[in-house]
Protein chains: 2
Amino acid sequence: MRDVFLVGVGTTSFGELWEISLRELITEAGLAAVQDAGVAGAQIDAMYVASTSAGRLLGQQQLGALALDEAGLASTNIPATRIEAGDASGAAALRSAALAVAAGAHDVVVAGGVEKMTDVLEDDQTTALVSSADMEWEGFFGATLPSLYAMMARTHADEHGTTREQMARVAVKNHEHGADNPDAAYPFETSIDAVTGSPPVAEPLTMFDCASPVDGAAAVVLADEATAQELGGPRVRVAATAQASDALALHRRDSITTLESTRVAAEEAFGEIDGRPEDVDVAEVHDVVTIAELLSLESLGFYRPGEAATATEKGRTTYGGDVVVNPSGGLKARGHALGATGLAQAAEVALQLRGEAGDRQADGARTGLTQAVAGTGGTSIVHILEAVGGGER
Amino acid sequence: MRDVFLVGVGTTSFGELWEISLRELITEAGLAAVQDAGVAGAQIDAMYVASTSAGRLLGQQQLGALALDEAGLASTNIPATRIEAGDASGAAALRSAALAVAAGAHDVVVAGGVEKMTDVLEDDQTTALVSSADMEWEGFFGATLPSLYAMMARTHADEHGTTREQMARVAVKNHEHGADNPDAAYPFETSIDAVTGSPPVAEPLTMFDCASPVDGAAAVVLADEATAQELGGPRVRVAATAQASDALALHRRDSITTLESTRVAAEEAFGEIDGRPEDVDVAEVHDVVTIAELLSLESLGFYRPGEAATATEKGRTTYGGDVVVNPSGGLKARGHALGATGLAQAAEVALQLRGEAGDRQADGARTGLTQAVAGTGGTSIVHILEAVGGGER
């Protein structure tokens, strides 16, 4: 299979964007990515579009062809397909695009993701989030996504002594990062007291432990090496793409404090680059609730089970530590625009590897990782991106 | 890219299956396909699952991991992804699976499709069907899928003199075929008078011009050549896979009597096999309404514009004619289980090429084609399957 390069990124602001439609959002992100890459519309060979809930909330299917149409590219007749894997849909679209280029089926592929989550009823938001869990065994009985993660949090606390304050520390850190992200939905700092004192959602999690569903879109352009060279030289390589599944419902898993799908995907991804977590300088992981970031860091192999909380507390997951986790602010501060999230993660990591992340820049970042999770771990997708050329750190 | 072989097929009955859940349907079809192929669960490397409306109608996303879980394969942790392209979702899943095997990313891949359409409100069925059209420009203003096709039918009649009876003849022929399909939802014959005299839906189309949304599932197993050999020798090859897009809304197209996405996909698919429509013995095409089959046959290149109606009338699209079109009964008589349809088409053509289609067998079928359309043509996907080995006709 061929090497795949990430040659352009584009994101919209995330937030309550009531005045911008789904069509406008995906077009804005797509065009930004295409301009960043410097490719012409006629060069694009295929599109993959992620959206988790447009079918349910907006009654619109066939988002692939729709996005192509809105971009003014319907007359190119190129294939455009929607990919859905719950909250991990954006990463699944990125992976489909990467495999298509790796296979030699296409040379230039756009992967975009979009979600409109704020101009619907709150009940619909809750349902959209839990629809990535097991509706028959969990959602039907009233479980929400935060309540499922609350069970995981309590079990983690039982097994490892993880404290309420350690969980809150994840939100505080990600808001510190997000305060430097002009596209974040919640670009401000917060405090442990503010998090633990916010309204309860599902014991022990409070409102500020939970990422908010927001509107937003993100897109990337992938290309083969020859095309990347023509575009001015590759700067970021998609070094690994791995996806793994697990039972959707928590009661069907051996452990609810390991994200087995993440563990398997990470193992495969690090195998592809013959590397290990210590090689990663910057990571965007799935902090859909605070405990999810701790579970993710442990399942990815950054820390042993039970050690991510202490590492977070000691500042090892921020600038100057072991690895900068969620420099964008993560789902927590940037906001969680479901189908767009996986692509926004990739866009952030690509900017970091290009040294263009502004106030959020992690010094000398050469290797980055993204991890997307659907529901409570039914699907996990891990990508490893590497800087190409340029100076050594 | 590697050769890809279709080594197993499985379908459920199509129809009003109120007593069988979505989970049971996809598992039944998937296991049937896996048994037909003779592969073990542990041999499967990836799954692609198609469903158009499960998110909207059942509130369940992440169908990929769900299907894997239901099949008892969650512990394999293999990637499982949902693919959506409106009514063409099943064909899109087949295409994703074929590309994954062709790329060498996977050796054995299951593509499955499922839909539950009958145990929801009729209004939800209508909305689910039109959600593959352009909701903002068409659905929002009250257009239904049959009403959009009615405009295409009237324009086709204006341009080519296509008569009401010629359209009805498509339904009569497909019900003749479907009467021999024990899995069809409507396995009985009908007459021109019965079709034209059925309740009006959208002038000139009546109820019996329109395929009914039904419940059902279908799956196929694809494999690389080495694996196909181990499984007892390849019998069916996926000779071509092509997908093309067009504007979703009719008013944004140059012509509404050519399915441009079908034309482009067919041109590409025939290019891949260096062949032409005359080579095709058996075809499953998208007769979501009667006029759609005529538009499809012309856009695929089987007949020149305006000539498919006469060809149908003269019996050239049935046994003993040019090409047996919709031997399964098509969407009309087998029923349209949206996400399952594209895979049911592939399953029917594979059985024909294996000489195992029973009463529906087209003599000496060696080359088969499937064509799936989303909405009124925003996406079209064309596959060409070829018999491998065995006798010459």
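Placed above this text is the structure.
Residues numbered from 1 in each chain as written. Chains lettered and ligands numbered in written order. Predicted model: local features only at pLDDT ≥ 70, side-chain atom pairs only at ≥ 80, totals over all residues. Heavy atoms only, no water.

Draft legend 1. Spotlight on the side chain of Thr12(B). Residues and elements named next belong to chain B. The topology assignment puts threonine 12 in the loop between β1 (5-11) and α1 (22-37). A residue is classified by how much of its surface remains accessible, and threonine 12, at 1% relative accessible area, is buried. When neighbours within four sequence positions are excluded, threonine 12 is seen to be in contact with Leu25, Glu28, Ala29, Asp183, Gly216 and Ala217. (Helix = DSSP H or I, 4+ residues; strand = E, 2+ residues; numbered from the N terminus. Buried < 20%, exposed > 50% of the residue type's maximum accessible area, 1.4 Å probe, protein only. Contact = heavy atoms within 4.5 Å.)

Draft legend 2. Local environment of empty space enclosed by the protein. Applying the stated criterion across every chain, the model contains 1 cavity of 30 Å³ or more. Of the pockets and cavities examined, the largest cavity occupies roughly 290 Å³. Along its surface, the largest cavity is lined by 27 residues, and Tyr48(A), Ser96(A), Leu99(A), Tyr48(B) and Ser96(B) are the ones closest to its centre. Elements with a minimum of two residues in the lining of the largest cavity: β2 (46-50), β3 (80-84) and α4 (89-103) of chain A together with β2 (46-50) and α4 (89-103) of chain B. Class assignment of the residues belonging to the lining of the largest cavity gives a composition of 17 nonpolar, 8 polar and 2 charged. (1 Å grid on protein atoms, 1.4 Å probe; cavity = no way out; pocket = protein on both sides within 12 Å on 5 of 7 lines; lining within 4 Å. Points joined across faces, edges and corners; volume = space filled by probe spheres on them. Nonpolar A, V, L, I, M, F, W, Y, C, P; charged D, E, K, R; others polar.)

Draft legend 3. Molecular detail of the packing of aromatic side chains. All names here are of chain A. Counted by the stated rule, this structure contains 4 aromatic pairs over all chains. When the centroid spacing of 6.3 Å and the interplanar angle of 75° are considered together, the rings of tyrosine 186 and phenylalanine 188 count as edge-to-face. You can call phenylalanine 188 partly exposed: its relative accessible area is 44%. (Phe/Tyr/Trp six-rings, centres within 6.5 Å; stacked < 30°, edge-to-face > 60°.)

Draft legend 4. Fine view of the interface of chain A and chain B. Listed as interface residues are 55 residues of chain A and, on the opposing side, 55 residues of chain B. A per-residue breakdown of the area chain A buries against chain B is headed by Gln62(A), Asn77(A) and Glu84(A), which together make up 16% of the total. At the junction of chain A and chain B, the tally comes to 36 residue pairs in polar contact (both at pLDDT 80 or more). Only α2 (54-58), α3 (63-70), β3, α4, β8 (236-245) and α10 (260-273) of chain A provide two or more residues apiece to the side of chain A that touches chain B. Tallied by class, the residues present in the side of chain A that touches chain B amount to 25 nonpolar, 18 polar and 12 charged. Alignment of β3(A) against strand β3 (residues 80-84) of chain B, held across 3 bridges, turns out to be antiparallel. (Buried area = accessible area lost by both parts, 1.4 Å probe. Polar contact = N/O pair within 3.5 Å; in protein donor to acceptor, adjacent residues only side chain to side chain. Pairing = 2+ DSSP bridges.)

Draft legend 5. Unusual backbone geometry, seen in detail. Residue and element names in this part refer to chain A. Note that the residue after glutamate 203, namely proline 204, is joined by a cis bond; omega there is 5°. By secondary structure assignment, the location of proline 204 is in the loop between β5 (200-202) and β6 (205-206). Phi at asparagine 77 takes a positive value of approximately 60°, unusual for a residue other than glycine. Relative to the helices and strands, asparagine 77 is located in the loop between α3 and β3.

Draft legend 6. View of the pattern of salt bridges. Tallied over the entire structure, the rule returns 52 salt bridges over all chains. Linking Arg235(B) and Glu356(B) is a salt bridge whose minimum nitrogen-to-oxygen distance equals 3.1 Å. With Arg235(B) in the loop between α9 (225-230) and β8 (236-245) and Glu356(B) in the loop between α14 (338-354) and β11 (367-374), the pair connects residues that are 121 residues apart, well separated along the chain. A residue is classified by how much of its surface remains accessible, and Arg235(B), at 37% relative accessible area, is partly exposed. Assessed through its relative accessible area of 38%, Glu356(B) is described here as partly exposed. Linking Glu386(B) and Arg237(B) is a salt bridge whose minimum nitrogen-to-oxygen distance equals 3.3 Å. Remark: Arg237(B) occurs in strand β8 and Glu386(B) occurs in strand β12 (residues 379-387); sequence separation between them is 149 residues. Taking the relative accessible area as the measure of exposure, Arg237(B) reaches 22% and is therefore partly exposed. Among the charged side chains, a network of salt bridges with common partners joins Arg23(A), Asp69(A), Glu70(A), Asp134(B), Glu136(B) and Arg252(B). (Salt bridge = Lys/Arg side-chain N within 4 Å of Asp/Glu carboxyl O.)

Draft legend 7. Representation of the side chain of Arg360(A) within the structure. Residues and elements named next belong to chain A. Its place among the elements puts arginine 360 in the loop between α14 (338-354) and β11 (367-374). A residue is classified by how much of its surface remains accessible, and arginine 360, at 8% relative accessible area, is buried. Each residue touching arginine 360, except ones within four places of it in the same chain, is listed here: His177, Asp180, Asn181, Pro182, Tyr319, Pro327, Ser328, Glu348 and Gln352.

Draft legend 8. Structural context of the environment of Ala239(A). All names here are of chain A. Here alanine 239 is to be found in strand β8. Remark: the alpha-carbon pair of alanine 239 and isoleucine 273, spanning 34 residues in sequence, is separated by 6.5 Å. Those residues within four positions of alanine 239 in sequence are excluded, and the remaining contacts are Glu272, Ile273, Ile384, Leu385 and Glu386.

Draft legend 9. The relation of the copies chain A and chain B, seen in detail. For the match of chain A to chain B, the screw axis carries a shift of 0.0 Å, the RMSD comes to 0.0 Å, and the turn is 180°. The superposition of one copy onto the other is thereby described by a two-fold rotation axis. Residue by residue, 100% of the interface of chain A is reproduced at the interface of chain B, so both copies engage with the same surface. (Least-squares fit on C-alpha atoms with pLDDT ≥ 70 in both.)

Draft legend 10. Inspection of a nonpolar patch on the surface at higher detail. Residues and elements named next belong to chain A. A cluster of nonpolar side chains, Trp137, Phe140 and Phe141, forms an exposed patch at the surface whose accessible area comes to about 430 Å². Mapped onto the elements of the fold, tryptophan 137 is located in the loop between α5 (122-130) and α6 (145-160). For tryptophan 137, a relative accessible area of 45% gives the class partly exposed. (Patch = residues over 30% accessible without salt bridge, like charges linked within 9 Å, V, L, I, M, F, W, Y side chains within 5 Å. Areas by Shrake-Rupley, 256 points an atom, 1.4 Å probe, with all protein chains shown as cover.)

Draft legend 11. Seen up close, the nonpolar core. Ranked by internal contacts, the top residues of the largest apolar core, which has 92 residues, are Leu6(A), Val220(A), Leu222(A), Leu6(B), Val220(B) and Leu222(B). Excluding residues that lie within four positions of it along the chain, Leu6(B) makes contacts with Val220(B), Val221(B), Leu222(B), Val236(B), Val238(B), Ala346(B), Ala350(B) and Leu385(B). (Core = buried A, V, L, I, M, F, W, Y, C linked by side-chain atoms within 4.5 Å.)

Draft legend 12. Quick peek at the pairing of strand β12 (residues 379-387) of chain A. Residue and element names in this part refer to chain A. Most of β12 sits out of view: 9 of its 9 residues are buried. Along β12, one buried face is formed by Thr379, Ile381, His383, Leu385 and Ala387 and the opposite face, lined by Ser380, Val382, Ile384 and Glu386, is buried too. Strand direction decides the pairing type here: β8 and β12, joined by 9 bridges, are antiparallel. Pairing of alanine 240 across the sheet is with isoleucine 384, part of β12. Counting the residues that bridge the hairpin from β11 to β12 gives 4 residues, and of these glycine 375 lies at a positive phi of roughly 60°.

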